[in-house]
Amino acid sequence: MSLRDLPSVDRLMQLEAVEGLVAAFGRSLTVEAVRESLKAAREAVRSGQVAPQPTELVSQTRARLETWLAPTLRPLINATGVIIHTNLGRAPLSQAARQAIQDVAAGYSSLEFDLPHGRRGNRDEHCEQLLLRLTGAEAALVVNNNAAAVLLALTGLARRKEVLVSRTQLIEIGGGFRIPDILKQSGAKLVEVGTTNRTHLRDYRSAISERTALILLAHHSNFKIIGFAAEPELAELVELGREHELPVLHDLGSGSLLDTRAYGLGAEPRVQDSVRAGAALTAFSGDKLLGGPQAGILVGERVLIGQLRRHPMARAVRADKLCLAALSATLLHYIREEAETHIPVWTMIAAAPADLSRRAQRWQARLGLGEVIEGRSTVGGGSLPEETLPTWLLSVDVPHPSELARRLRELDPPIIGRIADDRLVLDPRTVLPDEEEPLLAGLAAALEGPGGTAR
Ligand SMILES: *Cc1c(COP(=O)(O)O)cnc(C)c1O
């Protein structure tokens with residue numbers, strides 16, 4: 001067997017089967033894949049193996065092309081019970097929000113066009129009125145995400161000046177968002193106030209100088225200070241700020257428009273409460289508890305929002321048309337008071353344990369295995385740390401739960417569960433109704449599949 005037994009690139013390209021690959025993947029990529037297959041074959045021959053037949057080379061080439069072009073951003077089934085899971089794309093969108101994206105994506109739109117007057121319009125207008133109605137603020141601005149909203153506010157209002165932040169709030173929320181780093185990036189100077197566990201109003205007062213531009217109040221997000229701890233209330237900071245003509249920027253993180261206490265959870269600060277308490281600007285995410293698309297929302301005083309809108313950075317972090325379409329549709333659910341039934345995040349939070357138990361039991365009956373056990377779901381998304389919701393889980397006891405988890409990830413759509421106490425557990429709370437069939441079919445396949453060692 002010698003290298004001469006291998007076909008040339010040109011000869012392989014003339015095969016009918018390869019022409020099919022060209023039609024599906026394009027000529028230049030196919031040539032590249034053919035070259036790679038031949039290179040691997042030459043190496044195999046040199047190491048004493050038999051030269052592959054042309055049909056084998058073609059199927060290797062096809063496999064290469066499929067691997068190269070396989071999408072990496074894929075829909076999957078979240079059975080972890082973490083409702084706002086940043087690694088799994090945060091909030092699933094409502095039917096209306098998905099429809100709004102589709103409608104706007106397919107063609108042209110009135111993104112920056114004033115239809116009644118037939119002249120240039122403003123993209124900010126699509127969500128602003130809805131946000132004002134819901135929060136009571138004077139003005140609103142939507143940008144790419146909340147990190148951008150906070151960065152824009154600090155850059156626009158406090159560059160080369162000082163910003164007071166309590167040492168209890170010098171947080172990192174993951175994904176590289178750290179309050180001290182954002183401040184540095186904005187060109188504002190961080191003035192740390194108080195101590196790690198306790199900060200008092202008098203600490204803020206004594207830190208105010210000629211150069212102070214802003215007081216930043218950041219939600220603790222994903223951690224909790226317990227024990228001997230204290231921080232002034234937003235209203236107290238607003239009062240102090242007024243005495244010195246200093247605006248308060250409230251980074252709410254998740255921010256909610258609904259009262260989480262009504263769902264058996266701890267209190268997550270609501271946007272409208274922040275506005276009412278007098279925050280000059282309140283910043284929050286679109287895809288956390290709001291349940292919409294990725295976005296950063298700033299609501300607050302007209303003069304300040306206007307200043308930020310005109311800042312060059314606003315152009316660099318602006319929201320796109322798909323985001324604005326989905327956000328408007330999501331906000332409309334709140335206006336119509338139908339968030340709980342229409343916004344998936346809230347439907348999941350509101351799900352009754354009895355319903356979750358029935359769903360887990362149905363899964364068990366269908367699969368004919370596993371055990372339905374009590375468990376806890378979490379809200380996630382940097383909101384409500386330590387807070388959980390009672391749920392019922394399907395717990396699958398197999399010899400190798402991580403092997404089963406791996407098989408589930410290889411399915412289409414992939415299924416993501418959780419391993420707890422050496423079992424694979426699946427939480428119905430985060431599985432959308434139309435995902436149940438693919439979930440059950442996938443589970444059955446993974447358990448029965450070839451070499452079904454998982455069972
Ligand atoms: C999540 C969060 C952010 C960042 O929001 P993104 O929308 O992810 O950019 C900022 N601040 C706090 C307190 C948060 O919880």
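1. Considerations on the site of the ligand
Working step 1: Neighbouring the ligand are 13 residues; Ala147, Ser221, Asp251, Ser285 and Lys288 lie closest to it.
Working step 2: Between the ligand and the protein, one listed contact pairs an oxygen atom with a side-chain N or O atom of Arg90 at 2.9 Å.
Working step 3: Ala147 places a polar main-chain atom, nitrogen or oxygen, 2.8 Å from an oxygen atom of the ligand.
Working step 4: Relative to its free-state accessible area of 380 Å², the ligand is covered by the protein chains to the extent of 95%.
Working step 5: If you list the elements that add at least two residues to the shell around the ligand, you get helix H7 (146–158) and strand E9 (248–253).
Working step 6: A class-by-class count of the residues in the shell around the ligand yields four nonpolar, six polar and three charged.

2. Regarding the packing of helix H18 (residues 401–409) against helix H19 (residues 436–448)
Working step 1: For the pair H18 and H19, interaxial distance at closest approach is 9 Å and the crossing angle is 125 degrees. Of the possible angle classes, the one that applies to H18 and H19 is oblique. The two elements H18 and H19 meet at a crossing, and its hand is right-handed. Residues Leu404, Arg407 and Leu408 of H18 pack against Gly442, Leu443, Ala446 and Leu447 of H19.

3. Some points on the sheet that holds strand E11 (residues 296–300)
Working step 1: If you trace the seven strands from one edge of the open sheet to the other, you get E5-E11-E10-E9-E8-E6-E7, paired in mixed fashion. The open sheet has two edge strands with one neighbour each: strand E5 (139–143) and strand E7 (189–193). For this sheet, the mean inter-axis angle between neighbouring strands, taken without regard to orientation, is 25 degrees.
Working step 2: Taken together, the four bridges between strand E6 (residues 162–166) and strand E8 (residues 212–218) define a ladder with parallel strand orientation.

Rules and cut-offs
Per chain, residue numbering runs from 1 following the sequence as it is written. Note on the predicted model: pLDDT of at least 70 is required for a residue's local features to be given, and 80 or more for side-chain atom pairs to be given and counted; whole-chain, interface and lining totals, by contrast, use all residues. Side-chain numbers come from the whole structure's heavy atoms, not from hydrogens or water. Proximity criterion: a residue is near a molecule or strand once any of its heavy atoms comes within 4 Å of it. Identification of polar contacts relies on pairs of N or O atoms within 3.5 Å, with a donor-acceptor requirement for protein atoms, meaning one able to donate a hydrogen and the other able to accept it, and with residues adjacent in sequence counted only if both atoms are side-chain atoms. Under the convention used here, a 1.4 Å probe and the Shrake-Rupley method define accessible areas, while residue burial counts only the protein chains that appear. Helix numbering and strand numbering both begin at the N terminus, where a helix is a DSSP run of H or I of at least 4 residues and a strand a DSSP run of E of at least 2. Side-chain classes follow a simple rule in which Ala, Val, Leu, Ile, Met, Phe, Trp, Tyr, Cys and Pro form the nonpolar group, Asp, Glu, Lys and Arg form the charged group, and the remainder, Gly included, forms the polar group. Axis lines are fitted through C-alpha atoms, for helices just across the contact stretch, and the angle between N-to-C directions can take any value from 0 to 180 degrees. Here roughly perpendicular refers to angles of 65 to 115 degrees, roughly parallel to angles under 35, roughly antiparallel to angles over 145, and oblique to all remaining angles. Should the near helix be turned anticlockwise from the far one by less than a right angle, the crossing is termed left-handed; should it be turned clockwise, right-handed. Whether two residues are in contact is decided by their heavy atoms, any of which lying within 4.5 Å being enough. Paired strands are those between which DSSP finds at least two bridges.

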